[in-house]
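The primary structure of each chain is shown beneath.
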Amino acid sequence: MDLNTQFEGFSDNAIRLLSAPKGNSKLAMAHFMAMSYLYNSKDNPNGYISLGIAENVLSYDVLKEKLDLGMAPPQSITQYSEIGGIPELRELIAEQLLQNQVFKGYRPPNEKFLVKKEQILVSGGVTPLLENVFNLFCNEGEKCIIPSPFYPSFVYDAYQRFGVKVIAAKSEIFNNNNNNNSEEEDSEIIDFHLDLNEFESLYNQGGVKMVLLCNPNNPTGYIFKPTEIKKLVEWCQKKKIHLISDEIYALSVFNTESTTNQFKSVYEILEGNLGEYVHILNGFSKDFCLNGYRIGYFYSQNETVFQYMISTSAFYSCSNIAQYTAINILKDREYLERYIKTNQSNLKEAYEFASNLLNQYSIPFIKSSSGVFLSLDLRACLKCIPDGDDHENNNQDKFSKEIILWEKIFKNKVFLNSGKLCYFEKPGFFRLIFTLPKDFVEQGIKRIANVYNSLLK
Amino acid sequence: MDNYKSFSKNAKKILNSPICNNKMQTAHYTAMENLFCPETNKDGYISLGIAENILSFDVMKDKLSVDPNFCQRLTQYSDMGGFKDCRQSIANLLQNHLFKFKPINNPELLVNYKQIILANGATPLLENIFNMFCDQDEVALIPSPMFPNFIPFAGQRFGVKIIGVKSEVYNTNNNNNNNNNNNNNNNNNNNNNNNNNNNNNREIIDFELNLEEFEKLYQLHPVKLIVLCNPNNPTGYIFSKKQIKKLIDWCREKKVHLLSDEIYALSIFNRNYCSGTREDNENTNNDFDNEDDNDNNNNEKDGANNQIPTNSFSSIYDICKGDMGEYIHLVSSFSKDFGLNGFRAGYFYSQNQDVLRYLLSTSNYYSCSNIVQSALINIIEDKKYLCSFIKENQKRLTSSYKFATKTLHQFNIPYLKSSAGLFLTIDLRKCLNKLPELNNNNNNNNNNNNNNNNNNNNNNNINCPFKKEIQLWELLFDNRVIVNPGKLCYFDEPGFYRLIFTLSNEFVYNGIERISKVYNQLLNS
């Protein structure tokens, strides 16, 4: 079917989407292939190991007891619940989850900045919330700045239906302190930062309407410095552009070294006064390993912003069953704290397990402080990939060798996310999820090591 | 305060648009906080405004309390479009319970799980479908009266316009038809009629899909989509198969997509319904070219306009004999037929691969919670249970409908015969003129909510006739009963209100009694 009749009757939006070059279709196919032939130590030792999906399955056993809603669900569970979320849940999120846990019990000197349930909106996952936030501040073609490397889906969430563009503000600091020198491919990433010069220069290109900060960060697990965040907020306020703080990994922090930054929510950094321009996104997918349930929430002190989000909330309502489950989890304060602690300790253990293995195989990686992942630095073996292998005809694409490396790793039955999608500045970085059973992680790293080390030889 | 200067055009539009049923919303909240209870709160509000069916929860309950398939997998990411199992279950539900036609000679027309897309409710699915076919300011045609929320679904974030296609068929000439004579209503009726300059006395005797209307509007506007809600909200009317077939042909000829919203397909309570369950099907493949079944034996009492026919329901799949092709699509959900609106579970079915691909690739904006998917499988995979649930639910719907109409008759309140859904339409036109005249303070909320109203009504006068409808609505609310005003549904004339009867008999009785107090008091004044 030719293009003219194939999309007969479709809107421009839809045609644009369907016609877009399928940039990561290879990735998608690989993912499906992996999922349909998964590794199992007994039954399918040759199966695929996916270390690509940012899920945390470590603490299910602790979570389980609160997932069972009991023998007699009330009828109200089947009926329409309140717009914005069940009031009990909004209250629990405001007080138990945000004020006491994510904000670590911080209480601002001025009481009016305590989190109120009327400022909380519950949604069916963070993704549709995000999409709607992009739409709230940006017209089609307008831009959102996001420090890179970042979570790849931000780009699609902004662009797919509302045509908003994401532009990357590079945040890597290489140890030769000279980001412009692209010859030095192997200089280590020693830190990340929010470079206001970078933001300013991007802003001056025009069309910027908002900034999105994911902290703790995906894919690196990095925690941004509170002082830098404060400066960024001030910059946004001066420019009168909005800042969204995506804190979805706030409770998945497992600082292992004292040199890493301590997580502080933007709420704490601003002493509770978010003001007009700062808003917080979060959800139950990562910290509570409930990505399948689809529970997200939005917190803002800006009434107009909130009014917009809630008046369009019919498009992302949260299922009652999921809400009841969330209530179940949050209302038992002792349980909640125990769960968070246990989860963090599981994360730490899993991180240490993975990082020890990586060290054993001499695979470099960026130290992570949080989240369910770390970023591998496989740049050393990129050089070992001959130029001729570049079938993709993309000699200009500096990531072409990264793709080849990704394919080699996938051929060896491991699925990873490539750094290109995360807008890493330099090619050769891959995101690895370590929140899986140990034998998966062990096998996976072993197979990566095979590829990596055999290339180096 | 910057307010929203820095917001997008889309957002500003939403924030600026007067919330046309603001009054309704506030009323709703007020009511919810002070609900009627026969023992403890006799003065509380009775809302007959929310289209929910609570009648069959006890039959559903056991399936909800224990999910035998609960497992860790549910907490993790599901597949786009839904778990294969759940999509397969819904495919089975469609093929075996909603559809009667069996494509024996064309097995490729059997419902395949890949043609099903799950969502967290029909709402976001509908929004995305509007967006899929229509650019901003393009148009979708929908027969009116219609489900009011189609308008914000289409317009809020994507700026798609809805135009209602009037479907009321009137008996314009006859003030003395049998219905009025049988109607033991006030004798003042005829006097009122004589005083009227409007057509307040014409009776709705049918609804139709008038292709001339469709064609006219198609010529005038950039029409990209037709949405047919069948059985219809708010009337509970089931459209004629013949007319639907003609509409399908017209759409295909114009290359305009048609979406069949069949969210009430299993909520049919007229005695002559086709339940779609195997046991009830005798001539599965034969009877689509026949006349629509017309139940003249329906012994509905006065108060009902008996001239409104009772058509039998067939899904659009059946009308297309299984071959829906590129342009015909189906949307539905578990909210109404199964009373599971709180779960948020909607689905889409189409045979158009590109449409499916689009909806799938944007499905992460409306993914259905896994725990819900699992609960659904538990419900619909148990064939025996499913059949008995559908039958029992329909039985209760029928019985509730009968109770409501009996009560309406008892209180002399006219209504339009309904064949399906959770509602019927009451006709309070006669007392509109008896309302006291008000000054104009109340116009604010009504003035400009018609930005989206491209109805054929005379826009200049739109406030006048419907003003009284709102005024009456407020009187009813003051009397602690809520029904939805017809204006929101794009009824052609003011004075019609949608009444939900899928509540306990006590609620329904008390609610109707309160309506009657206002209505009959006005009539007798």
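Residues numbered from 1 in each chain as written. Chains lettered and ligands numbered in written order. Predicted model: local features only at pLDDT ≥ 70, side-chain atom pairs only at ≥ 80, totals over all residues. Heavy atoms only, no water.

Time to look at the overall build of chain A. Of regular secondary structure, chain A possesses 15 helices and 15 strands. Expressed as a percentage of the 457 residues in chain A, the buried residues total 61%. Carbon and sulfur atoms make up 49% of the accessible area of chain A, which totals about 17,700 Å². (Helix = DSSP H or I, 4+ residues; strand = E, 2+ residues; numbered from the N terminus. Buried < 20%, exposed > 50% of the residue type's maximum accessible area, 1.4 Å probe, protein only. Areas by Shrake-Rupley, 256 points an atom, 1.4 Å probe, with all protein chains shown as cover.)

Moving on: unusual backbone geometry. Glycine aside, a negative phi is what most residues show, and trans is what most peptide bonds show. The amide bond that connects N215 of chain A to the next residue, P216 of chain A, takes the cis arrangement and shows omega of 0°. Relative to the elements of secondary structure, P216 of chain A occurs in the loop between β7 (208–214) and α9 (226–239). That bond from N218 of chain A to P219 of chain A is cis: its omega, 15°, falls within 30 degrees of zero. In the Ramachandran plot, R344 of chain B falls in the positive-phi region, its phi being about 70° despite a non-glycine side chain. In this structure R344 of chain B comes out as buried when scored by relative accessible area, which is 9%. Backbone geometry places R480 of chain B, a non-glycine residue, at a positive phi of 65°. Examined against the element boundaries, R480 of chain B turns out to sit in the loop between α16 (463–478) and β13 (481–482).

Quick look at the sheet that holds strand β8 (residues 242–246) of chain A now. Residues and elements named next belong to chain A. Spatially, the seven strands line up as an open sheet ordered β2-β10-β9-β8-β7-β3-β4, and their pairing is mixed. Two strands bound the open sheet, and with one partner strand each, they are β2 (120–123) and β4 (165–170). Across the sheet, the axes of successive neighbouring strands diverge by a mean angle of 25°, strand direction being ignored. By the bridge criterion, four bridges tie β2 to strand β10 (residues 296–300) in an arrangement that is antiparallel. Directly across from I120, in β10, lies its bridge partner Y299. (Pairing = 2+ DSSP bridges. Axes fitted to C-alpha atoms, helices over the stretch in contact; angles between N-to-C directions.)

The next subject is the packing of helix α14 (residues 400–411) of chain A against helix α15 (residues 438–456) of chain A. All names here are of chain A. Between α14 and α15, the least distance of the axes is 8 Å, while the angle of their chain directions is 130°. Taken together, the axis directions place α14 and α15 in an arrangement best described as oblique. Classified by chirality, the crossing of α15 by α14 is right-handed. The residues of α15 that touch α14, namely those facing L405, K408 and I409, are I448, V451 and L455. (Parallel < 35°, antiparallel > 145°, perpendicular 65-115°, else oblique. Left-handed = near helix turned anticlockwise from the far one by under 90°. Contact = heavy atoms within 4.5 Å.)

All names here are of chain A. Of all five residues that make up β10, five are buried, and the element is covered over most of its length. On β10, burial covers both faces: G296, F298 and S300 on one face and Y297 and Y299 on the other are all buried. Pairing between strand β9 (residues 278–283) and β10: five bridges, direction antiparallel. Across the sheet, L281 pairs through a bridge with F298, a residue of β10.

All right, on to the packing of helix α5 (residues 87–102) of chain A against helix α12 (residues 320–331) of chain A then. All names here are of chain A. The interhelical angle for the contact between α5 and α12, taken along N-to-C directions, is 35°, at an axis separation of 10 Å. The handedness of the crossing between α5 and α12 is left-handed. Facing α5, whose interface residues are E88, L89, L92, I93, Q96 and L97, α12 presents Q323, A326, I327, L330 and K331. Residue composition of the contact of α5 with α12, by class: seven nonpolar, two polar and two charged. (Nonpolar A, V, L, I, M, F, W, Y, C, P; charged D, E, K, R; others polar.)

Glancing now at the packing of aromatic side chains. To describe a pair of aromatic rings, one takes the distance between the centres and the angle between the planes. Per the counting criterion, the structure on display carries 45 aromatic pairs over all chains. Note on W406 of chain A and F410 of chain A: the rings are 5.5 Å apart at their centroids and 0° apart in plane angle, and the pair reads as stacked. Placement of the pair is W406 of chain A and F410 of chain A together in helix α14, with a separation of four residues, close to one helical turn. For the ring pair F491 of chain B and F496 of chain B, a centre distance of 4.9 Å and an interplane angle of 15° mean the geometry is stacked. For the pair F491 of chain B and F496 of chain B, a shared accessibility class is recorded, and that class is buried. Linked through ring pairs, F284, F288, Y297, Y335 and Y339 of chain A together constitute an aromatic cluster. The residue whose ring lies beneath K426 of chain A is F174 of chain A, and the NZ or CZ to ring-centre distance is 4.6 Å. Of note, K438 of chain A hangs over the ring of F353 of chain A, and the distance from its end group to the ring centre comes to 5.5 Å. (Phe/Tyr/Trp six-rings, centres within 6.5 Å; stacked < 30°, edge-to-face > 60°. Lys NZ or Arg CZ within 6 Å of the ring centre and 35° of its normal.)

The subject of this paragraph is the sheet that holds strand β11 (residues 415–416) of chain B. All names here are of chain B. What the four strands build is an open sheet, ordered β11-β12-β15-β14; its pairing is antiparallel. Each edge of the sheet is formed by a strand with only one pairing partner; in this case those strands are β11 and β14 (484–485). Judged from the five bridges that link them, strand β12 (residues 423–427) and strand β15 (residues 496–500) form a sheet pairing that is antiparallel. Looking at β15, one finds that T425 is bridged to R498. Running over the sheet, helix α14 (residues 383–410) touches β11 and β12 and is turned about 10° from β12.

With that settled, consider helix α11 (residues 303–311) of chain A. Buried residues of α11 of chain A: T304, V305, F306, Y308, M309 and I310 of chain A, and no others. Where α11 of chain A begins, one side-chain oxygen reaches toward the backbone nitrogen of T304 of chain A, 2.9 Å away; that side chain belongs to N302 of chain A. (Polar contact = N/O pair within 3.5 Å; in protein donor to acceptor, adjacent residues only side chain to side chain.)

For the rest of this paragraph, the subject is α14 of chain B. Compared with an ideal rise of 1.5 Å per residue, which puts 28 residues at 40 Å, α14 of chain B spans 40 Å between its outermost C-alpha atoms and is within 8% of the ideal. Just downstream of α14 of chain B lies N412 of chain B, where phi reads positive at about 60°. (Expected span 1.5 Å × (residues − 1).)

Another aspect to go through is the pattern of salt bridges. All names here are of chain B. Following the criterion strictly, the structure yields 27 salt bridges over all chains and no others. For K216, the salt bridge goes to E213, with nearest N and O atoms at 3.4 Å. On the criterion of helical spacing, the pair formed by K216 and E213 is a turn pair, its members being three residues apart in helix α9 (residues 211–220). Residues K395 and E392 are paired through a salt bridge, measuring 3.6 Å at the closest nitrogen-oxygen approach. With K395 and E392 both in helix α14 and three residues apart, the pair spans about one turn of that helix. Residue classification places K395 among the exposed positions, given a relative accessible area of 55%. Linked through salt bridges whose partners overlap, the residues forming this network are K166, R202, D427, R429, D492 and E493. (Salt bridge = Lys/Arg side-chain N within 4 Å of Asp/Glu carboxyl O.)

Formed by 144 residues in total, the largest nonpolar core has its most connected members in I93, F284, F288 and L330 of chain A together with I226, F334 and F338 of chain B. If you look at the next biggest cluster of nonpolar residues, it comprises 109 residues, including F162, V164, I248 and A354 of chain A. (Core = buried A, V, L, I, M, F, W, Y, C linked by side-chain atoms within 4.5 Å.)

This paragraph deals with the confidence of the model for chain B. Residue and element names in this part refer to chain B. Per-chain confidence: chain B averages 81 in pLDDT, with 74% of residues scoring 70 or above. Low confidence marks residues 174–199, where pLDDT is under 50. Its contacts with residues over four positions away, or in another chain, come to 35 contacts. With pTM at 0.85, the complex prediction returns an ipTM value of 0.86. (pLDDT = per-residue confidence, 0-100.)

Attention now moves to the environment of L270 of chain A. All names here are of chain A. Along the chain, L270 turns up in the loop between α10 (266–269) and β9. Linking L270 and G206, residues 64 residues apart in sequence, is a C-alpha distance of 27 Å. Discounting chain neighbours no more than four positions away, the residues touching L270 are V233 and V278.

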